[in-house]
Amino acid sequence: MVDTHCHLDYCEPPDGELVERARAAGVTRLATVGTDGPSIERALAAAREHPEVVAIVGRHPHETEGFGAADLEEIERAAADPLARAIGETGLDYYRDHAPREDQRRAFAAQLELAAKLSLPVAIHTRAAEDDTFALLREHSPALPAVILHCFSAPERLDECVERGYLCSFAGNVTYPKAAELQEAARRVPEELLLVETDSPYLAPQPLRGKPNEPANVAHTARHVAGLRGVSYEELERAVEANAARVLRW
């Protein structure tokens, strides 16, 4: 299994310990995400240190206040590293509103344009902002090699995602008993658009809910999704690994 989205630098155990525990759980690859300048550097450092790790580099919507040319140049420099495999996570978050919405939209559009310029996929964060997120994606996605909807949370837009070829990455919240709509989306999404992730240290799957999450726990989420889809864990593993390899060039 693979973990297509985690934050090693936000987890308490050292990177090496997290990677070792993931390996012991059968996790062969993981993508750690930089959310601002220092976090990007930590993500790239982890990728250099551990052959199982690659980096996703970008500016989280919470970190976009005053976003400008220098910030975009910082992301572009990081993306030149061969261990950087996608731009992100970028997008819009109107739930927390930690940055002005106009700044969020400007940073999101700029990162989408950068991803198109560099022919890199994008990892998308959206919360309580789906109308604007999907409008910007409709505008920019034709020029992008791939769009990954990280921590997929828009089951009501699944048909549009499928039509446009967006990958839907399910995190631990798909295992929660009340997540019926999300679970139905996990059942319905075509195999070639399916990914799983931890978003660790957040969103631990149901058996570990309330505890800090980590990459090893992606196996719990994958097992649950396999059950929803009526396939074996091994079949789901093959599909997810093939999708991740295609998009993140593993």
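One can find the structure itself at the top, above this paragraph.
Within every chain, residues take consecutive numbers counted from 1 along the sequence as written. Owing to the predicted nature of the model, reporting of local features is limited to residues with pLDDT of at least 70; listing and counting of side-chain atom pairs is limited to 80 or more, with chain, interface and lining totals taken over all residues. Based on all heavy atoms of the structure, the side-chain values leave hydrogens and waters out of the count.

1. What about the sheet that holds strand β6 (residues 147-149)?
Where strands meet in a sheet, backbone hydrogen bonds hold them as pairs that are either parallel or antiparallel. Only strands that DSSP links by at least two bridges are regarded as paired with each other. Each helix is a run of DSSP H or I of at least 4 residues and each strand a run of E of at least 2, with the numbering of both proceeding from the N terminus. Read from one edge of the open sheet, eight strands run β1-β2-β3-β4-β5-β6-β7-β8, paired in parallel fashion. The sheet is open, and its two borders are formed by β1 (2-6) and β8 (194-196), each paired with just one other strand. Taken pair by pair, the neighbouring strands of this sheet meet at an average axis angle of 25°, ignoring direction. Bridge count for strand β5 (residues 122-127) against β6 is three bridges, and the pairing is parallel. Helix axes use the C-alpha atoms of the stretch in contact, all axes being lines fitted to C-alpha atoms, and the angles between their N-to-C directions lie in the range 0 to 180 degrees.

2. Examining the nonpolar core
Among buried residues, the Ala, Val, Leu, Ile, Met, Phe, Trp, Tyr and Cys ones that are joined through side-chain atoms within 4.5 Å form a nonpolar core. Burial classification: accessible surface area is computed with a 1.4 Å probe over protein chains only, and a residue below 20% of its type maximum counts as buried, one above 50% as exposed, and the rest as partly exposed. Formed by 82 residues in total, the largest nonpolar core has its most connected members in Val57, Ile87, Phe152 and Phe170. Tallying contributions element by element places helix α4 (residues 101-118) first for this core, with seven residues. Excluding residues that lie within four positions of it along the chain, Ile87 makes contacts with Ile56, Val57, Ile75, Ala79, Gln111, Leu114, Ala115, Leu120, Pro121, Val122 and Ala123. Here, two residues are considered to be in contact whenever any of their heavy atoms come within 4.5 Å of each other.

3. Description of the pattern of salt bridges
Salt bridges are defined as contacts in which a side-chain nitrogen from Lys or Arg sits within 4 Å of a carboxyl oxygen from Asp or Glu. Under the defined criterion, the tally for this structure stands at 19 salt bridges. Between Glu214 and Arg21 there is a salt bridge, and its shortest N-O distance comes to 2.8 Å. One end of the pair, Glu214, is in the loop between β8 and α8 (218-229); the other, Arg21, is in helix α1 (residues 15-24), and 193 residues separate them in sequence. For the salt bridge of Arg23 with Glu52, the shortest nitrogen-to-oxygen distance reads 2.4 Å. Residue Arg23 is located in helix α1, and its partner Glu52 is located in the loop between α2 (37-49) and β3 (53-57); the two are separated by 29 residues in the primary sequence. Note on Arg23: relative accessible area 38%, which makes it partly exposed. In this structure Glu52 comes out as buried when scored by relative accessible area, which is 15%.

4. Structural notes on the packing of helix α3 (residues 69-79) against α4
Across the interface, α3 lies against α4 with an axial gap of 11 Å and an inter-helix angle of 30°. The angle between α3 and α4 falls in the class roughly parallel. When the axes of α3 and α4 are compared, the crossing they make is right-handed. Contacts between α3 and α4 involve Leu72, Ile75, Glu76 and Ala79 from the first element and Ala110, Gln111, Leu114, Lys117 and Leu118 from the second. All amino acids are sorted into three groups, where Ala, Val, Leu, Ile, Met, Phe, Trp, Tyr, Cys and Pro are nonpolar, Asp, Glu, Lys and Arg are charged, and the leftover types, Gly among them, are polar. For the contact of α3 with α4, the class distribution of residues is six nonpolar, one polar and two charged. Each angle receives one of four descriptions, namely roughly parallel if under 35 degrees, roughly antiparallel if over 145, roughly perpendicular if within 65 to 115, and oblique otherwise. Less than a right angle of anticlockwise turn of the near helix away from the far helix marks a crossing as left-handed, whereas a clockwise turn marks it as right-handed.

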